[in-house]
Amino acid sequence: MSTTPAVMFVCVKNGGKSQMAAGLMRHAANGSVQAFSAGTHPGAHLNALSVRSLAEVGVDLRDESPKPIDPRLLRSVDLVVTLGREARVEPVEGVRIINWDTDEPSERGIDGIERMRLVRDDIAARVDQLLTELTPPAWPSPCEQRITAMTESPLAHAIHVRDDLTIDQQLALKTAATRLQREFDATFGVETIERFLHSSYDQFAGRATVINFLPLLAERFARQRLIALARVEGKAHTGKPTVLFLCTHNAGRSQMALGFFAHLAGENAVAWSGGSEPGDEINSAAVAAMAEVGIDITAEFPKPWTEEIVQAADIIITMGCGDACPLYPGRRYEEWDLDDPAGQDLAAIRPIREEIETRVRHLLAELDIPTS
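Below is a short write-up of the structure. (Residues numbered from 1 in each chain as written. Predicted model: local features only at pLDDT ≥ 70, side-chain atom pairs only at ≥ 80, totals over all residues. Heavy atoms only, no water.)

To describe a pair of aromatic rings, one takes the distance between the centres and the angle between the planes. Enumeration over the complete set of coordinates arrives at six aromatic pairs. Their ring planes at 40° and their centres at 6.3 Å tell us that Phe184 and Phe188 sit as a pair that is tilted. Of the two residues examined, Phe184 and Phe188, each falls in the buried class. Considering the side-chain rings of Phe204 and Phe221, the 5.7 Å spacing of their centres and the 75° angle between planes classify their relative orientation as edge-to-face. (Phe/Tyr/Trp six-rings, centres within 6.5 Å; stacked < 30°, edge-to-face > 60°. Buried < 20%, exposed > 50% of the residue type's maximum accessible area, 1.4 Å probe, protein only.)

Okay, here's the thing in structure tokens:
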């Protein structure tokens with residue numbers, strides 16, 4: 001076994017998932033793990049959407065190409081990871097082989113770049129877990145790796161493990177907590193970070209349709225909440241105006257408004273969104289309507305508002321949430337009377353989209369925020 005752990009990621013064509021996994025591992029490991037990829041029946045080129053989705057997170061696959069399994073390399077690695085349900089690798093003495101039955105969003109009717117981003121995020125979460133297993137100094141057995149990952153982390157004493165979490169979910173949350181601790185080390189203590197992460201997980205656990213992404217969603221939401229808390233407590237002063245868009249399900253109007261605001265304001269302002277009764281997913285027709293004007297909102301997800309997010313906002317725009325919308329003194333409130341796109345087709349949503357764009361541009365002009 002080599003001093004530096006070596007992993008080979010294998011799928012059928014070596015044009016998508018295995019290339020993504022190897023790229024993400026190289027990026028995350030920074031030399032602490034050797035990552036290779038291969039295909040059982042390699043294709044002619046890489047999947048363009050796989051390349052694009054990884055470029056969005058800073059991983060460049062443009063110099064890679066599909067390749068077959070090299071028998072010598074196969075015998076030299078410590079671990080083989082097959083991705084999907086079709087790739088098969090014959091057992092090799094001394095080489096551990098595992099399978100990642102990765103999520104397939106196309107089975108739920110999700111295609112294109114939106115599908116590939118979900119695949120990427122699923123693989124990234126698995127890569128992070130695997131990296132945690134592979135990088136302890138002695139690289140112990142899988143069982144020992146999990147124990148080490150859960151007890152040696154500086155967050156170990158603060159984690160309150162839910163009874164219904166699988167080992168993989170516990171490890172994914174541990175990895176997320178460690179990342180957040182690095183980001184907010186100078187701002188918040190371990191217990192605050194852990195509490196926000198796990199309460200964010202609870203917000204999604206009861207209504208999630210794909211549990212693989214729960215730790216990832218919890219981490220993203222916890223990060224937003226911690227940024228807001230830092231602002232409320234006077235620990236972060238960006239000088240940028242912060243706008244919060246609220247509707248009932250955070251699946252249509254508020255997401256479209258957030259998309260326009262972020263697209264037009266760029267780095268000149270901060271915008272968030274939330275819902276009083278968050279839905280399970282963003283309205284697909286709203287996603288399509290925004291795509292028509294060159295704005296991609298597929299990376300967003302319905303989420304509730306929380307006290308620190310509301311308190312951190314300078315301006316709160318409400319869209320039909322009525323008495324459920326929170327009221328805090330010292331904030332500027334506006335109610336935008338807009339039709340609800342829920343249940344509407346694309347043709348019906350276009351006028352709503354245009355009205356939202358007009359209102360967002362007017363708001364930015366009022367705030368004297370330069371637009372791109």
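And the narrative resumes.
The next point concerns the sheet that holds strand 8 (residues 332-335). Pairing in this open sheet of four strands is parallel, and the strands run 6-5-7-8 from one edge to the other. Both edges of this open sheet fall to strand 6 (270-275) and strand 8, since each of them pairs with a single strand only. Shown here is a sheet whose adjacent strand axes are inclined to one another by a mean of 20°, direction ignored. Across six bridges, the pairing between strand 5 (residues 242-247) and strand 6 is parallel. The residue of strand 6 that forms the bridge with Val243 is Ala271. Each of strand 5, strand 7 (315-318) and strand 8 touches helix 12 (residues 346-366); the most contacted strand, strand 8, lies at about 155° to it. (Pairing = 2+ DSSP bridges. Helix = DSSP H or I, 4+ residues; strand = E, 2+ residues; numbered from the N terminus. Axes fitted to C-alpha atoms, helices over the stretch in contact; angles between N-to-C directions. Contact = heavy atoms within 4.5 Å.)

Let us now look at helix 8 (residues 214-232). Taking 1.5 Å of rise per residue, the 19 residues of helix 8 would be expected to cover 27 Å, and the 27 Å separating its terminal C-alpha atoms lies within 8% of that figure. Within the span of helix 8, buried status applies to Leu214, Pro215, Ala218, Glu219, Phe221, Ala222, Gln224, Arg225, Leu226, Ala228, Leu229 and Ala230. In this structure, the buried residues of helix 8 make contact with helix 6 (167-183), helix 7 (190-205), strand 6 and helix 11 (307-312). Residue Gly234 follows helix 8 closely and has a positive phi angle near 75°. (Expected span 1.5 Å × (residues − 1).)

Glancing now at the sheet that holds strand 2 (residues 34-39). Hydrogen bonding along the main chain pairs the strands of a sheet, whether they run parallel or antiparallel. Within the open sheet, the four strands sit side by side as 2-1-3-4. Their pairing is parallel. The open sheet is flanked by strand 2 and strand 4 (96-100), the only strands paired with a single partner. Averaged over neighbouring strand pairs, the angle between their axes works out to 25° when direction is ignored. When strand 1 (residues 6-11) meets strand 2, the two strands line up parallel, connected through six bridges. For Cys11, the partnering residue across the bridge sits in strand 2 and is Gly39. Contacting strand 1, strand 2, strand 3 (79-83) and strand 4, helix 1 (residues 17-29) crosses the sheet at an angle of about 175° to strand 2. Strands in contact with helix 4 (residues 112-134) are strand 1, strand 3 and strand 4; relative to strand 4, the strand with the most contacts, it is inclined by about 155°.

Before going further, it helps to examine the environment of Ser32. As for its position among the elements, Ser32 is in the loop between helix 1 and strand 2. Residue classification places Ser32 among the partly exposed positions, given a relative accessible area of 32%. Remark: the alpha-carbon pair of Ser32 and Ala6, spanning 26 residues in sequence, is separated by 9.2 Å. Setting aside its immediate chain neighbours within four residues, Ser32 contacts Thr4, Pro5, Leu131 and Thr135.

Okay, helix 10 (residues 284-292) next. Residues of helix 10 that are buried include every one of Ala285, Ala286, Val287, Ala289 and Met290, and no others. Where helix 10 begins, the capping side chain belongs to Asn283, and its oxygen is found 2.8 Å from the backbone nitrogen of Ala285. Backbone geometry just after helix 10 places Gly294 at a positive phi near 80°. (Polar contact = N/O pair within 3.5 Å; in protein donor to acceptor, adjacent residues only side chain to side chain.)

It is worth spelling out the packing of helix 7 against helix 8 at this point. A pair of packed helices is characterised by two quantities: the angle between their axes and the separation of those axes. Here helix 7 crosses helix 8 at 125°, and the two axes come no closer than 8 Å. The angle between the axes of helix 7 and helix 8 places the two elements in the oblique class. Seen from above, helix 7 lies across helix 8 with right-handed handedness. The segment helix 7 lies against helix 8, with Thr192, Ile193, Phe196, Leu197, Ser199, Ser200, Tyr201, Gln203, Phe204 and Ala205 engaging Leu214, Pro215, Leu217, Ala218, Glu219, Phe221, Ala222, Arg225, Leu226 and Leu229. Each residue belonging to the contact of helix 7 with helix 8 can be placed in one class, and the counts come to 14 nonpolar, four polar and two charged. (Parallel < 35°, antiparallel > 145°, perpendicular 65-115°, else oblique. Left-handed = near helix turned anticlockwise from the far one by under 90°. Nonpolar A, V, L, I, M, F, W, Y, C, P; charged D, E, K, R; others polar.)

A word on the side chain of Thr175. Following the sequence through the fold, Thr175 ends up in helix 6. The class of Thr175 is buried, set by a relative accessible area of 11%. For Thr175, the contacting residues outside a window of four places in its chain are Asp128 and Thr132.

Honestly, it's all geometry; don't read function into it.
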